[in-house]
Amino acid sequence: GSGKTEVYLQAIERILELGRDAIILVPEISLTPQTVGRFYARFRQNIAVLHSGLSQGERYDEWRRARRGEVRIVVGARSAVFAPLPNLGIIIVDEEHDNSYKQNETPRYHGRDVAIMRARRMNAVCVLGSATPSVESYHNSGRGKSARIELLRRATSGHLPKVRLVDMRIEAAEQGGQIVLSRTLEEAVRGRVQAGEQCILLLNRRGFAPFVLCPKCGWVANCDNCQVSLTFHSSGGVLKCHYCGAEKPRPEICPACYFNPLIYLGLGTQKAEDYLMHAFPGARVARMDADTTAGKGGHAKILGRFAAGEIDLLIGTQMLAKGHDYPGVTLVGVINADSGLAMPDFRAAEQAFQLLTQVAGRAGRGDKPGEVYIQTYRPKHFAIQAAAGHDYESFYAQEIAHRQKAGYPPFRRLAHFLVESEDAEIAERESFRLRNLGRALLREEEFMGIELVGPAPALIRRVNKRYRWNLALFSRSASRLNTATRQLRDRFQENRHAKASLKIDLDP
């Protein structure tokens, strides 16, 4: 690869020589075994591991080893940033751009930002590593808030893989119906499988079909608790809600008009896995998503088989894109590159670019050159064009211009308010009361210049039987935003309706 891990290893070596300790954060549990293996091979000493995949007892044992000074290196996901090492000298945040570092339940925090603050308080070094830095981190390094160190060439002799964009508009016009693999990608996969090489296919949606539809009356299987359609999972034959976790048995006939058969629309990893098994009957196919890795050690089992060459085609969600290093992989295919671009999120283009660039980097890490095929209906989109060219600078230049024009981070800080209630009318009424309190607050001299946006119904208006409304505050000053957020919260809570609740997220 680029050599980031070697930089981390040598930096930690120096820290240990100075008699201080190290924390290494990785974005996914699936990366932890590989990272621990590399660090143990180099340092030959005990390493503590902290992540949510451990039982409470195991986590406590690892925490206690760190507290007692029995280990000097801790590796883990975002919560490992709190490891109680007594003499911390360095915190490394690998793939710092990854949104897995953001915890969206209370207590809400961002692992990267906590790492920066903790390192500052302990007079330690914080290293942020990424081939696709977050827009905020890259912007800060350009302003001198951090030192930018660039690896201008790969550490190995391997070259970046060649990326080909497959225009699915042409495929759809010529083939019709739902297309899993374009003819170009299917032919390329077949060639690699026949040559005994490995392929990774990315589809960032799990399940068999995103929704079930009656073709006669238009009935759709929806969740009773949330305002979303249920996803059909062929293993177990159930419909699942990916928001509240509710499950229902698959209906054989339409419950509204009794028509049969129902249609299963959309494409998920289960359906893609079925397709691959039929398209490549001699290939060993496996799937890696939240369903197949749910059990203890689920990630490690699949990746261990892949590393041992027991899997030819590995299909999975974004957990496949992050940091894995398998020299046998010569082809990466992205089945639907556009799914992330349609999200109503100011970071949508950034996250799409990062995901495509990261997964492309899994190909050609060994002796054989790699190839990447990106299936897209929007081949001219700047994020897709930049990813195809491995061109971070081009992406950043266009994205930062959009952010500046719209006044989004890093140019202004953002606080998000979510008003919830099981009663739709109370949720709406309380959100407008919050709006009025906010307007009055922002007329005060110390808060002039802060902007309030909303209220508006949340994208998924009802989740787990609770109706949700959004508001936001924008400010160029983090400290003034924090003060305004606290005061607005306190004023709202004084007369809050007993059946309503307020959730606040800074830097959402």
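Analysis parameters
Throughout, a residue's number is its position along its own chain's written sequence, starting from 1. In keeping with the model being predicted, local features are shown solely for residues with a pLDDT of at least 70 and side-chain atom pairs are shown and tallied solely at 80 or more, while totals for entire chains, interfaces and linings include all residues. Each side-chain value is derived from all of the structure's non-hydrogen atoms; neither hydrogens nor water enter the calculation. Being paired, for any two strands, means DSSP has found at least two bridges between them. Starting at the N terminus, helices and strands are each numbered in turn, a helix being any DSSP run of H or I of at least four residues and a strand any DSSP run of E of at least two. Each axis is a line fitted through C-alpha atoms, taken for helices only over the stretch in contact, and angles between the N-to-C directions span 0 to 180 degrees. Between Lys or Arg on one side and Asp or Glu on the other, a salt bridge is scored when a side-chain nitrogen of the former is within 4 Å of a carboxyl oxygen of the latter. Each residue gets one of three labels from its accessible area relative to the maximum for its type: buried under 20%, exposed over 50%, partly exposed in between, using a 1.4 Å probe on protein chains only. Each nonpolar core is a collection of buried residues, namely Ala, Val, Leu, Ile, Met, Phe, Trp, Tyr and Cys, held together in the definition by side-chain atoms within 4.5 Å. In what follows, a contact means two residues having at least one pair of non-hydrogen atoms within 4.5 Å.

Take the sheet that holds strand S20 (residues 451-463) next. Here four strands make up an open sheet; going across it, the order is S20-S21-S19-S22 and the pairing antiparallel. The open sheet terminates on both sides in strands that have one partner only, identified here as S20 and strand S22 (500-506). Neighbour-to-neighbour, the strand axes of the sheet open up by a mean angle of 20 degrees, direction not taken into account. In terms of strand pairing, strand S19 (residues 413-421) meets S22 through seven bridges, oriented antiparallel. Looking across to S22, one finds that Ser 421 is bridged to Ala 500.

Within the structure shown, the criterion is met by 36 salt bridges. The partner of Arg 250 in a salt bridge is Glu 252, and the shortest N-O contact between them spans 4.0 Å. For Arg 250, a relative accessible area of 35% puts it in the partly exposed group. The residue Glu 420 makes a salt bridge to Arg 466 at a minimum N-O spacing of 3.5 Å. Here Glu 420, found in strand S19, pairs with Arg 466, found in strand S21 (residues 466-475); they are 46 residues apart in sequence, far enough to count as distant. The class for Arg 466 is partly exposed, based on a relative accessible area of 24%.

With that settled, consider the nonpolar core. By size, the foremost hydrophobic cluster in this structure holds 42 residues, and its most contacted members are Leu 314 and Phe 395. If you tally residues by element for this core, the top one is helix H10 (residues 348-360), at seven residues. In contact with Leu 314, not counting residues within four places along its chain, are Cys 199, Ile 200, Leu 201, Ala 286, Arg 287, Met 288, Ile 302, Phe 306 and Leu 320. By size, the runner-up hydrophobic cluster in this structure holds 24 residues, among which are Val 180, Leu 185, Ala 188 and Leu 203.

Moving on: the sheet that holds strand S9 (residues 198-202). Taken together, the six strands give an open sheet; going across it, the order is S8-S18-S17-S9-S16-S15, and neighbouring strands pair in parallel fashion. Strands with a single pairing partner mark the edges of an open sheet, and in this sheet they are strand S8 (162-167) and strand S15 (285-288). Going across the sheet, the axis of each strand differs from the next one's by a mean of 20 degrees, ignoring polarity. As judged from the four bridges shared by S15 and strand S16 (residues 313-316), these two strands associate in the parallel manner. Opposite Ala 286, over in S16, you have Leu 314 as the bridge partner. Those strands touched by helix H6 (residues 168-175) are S8 and strand S18 (371-376), and its axis lies near 45 degrees from that of S8. Across the face of the sheet, helix H8 (residues 269-279) comes into contact with S9, S15 and S16 while running at roughly 170 degrees to S15.

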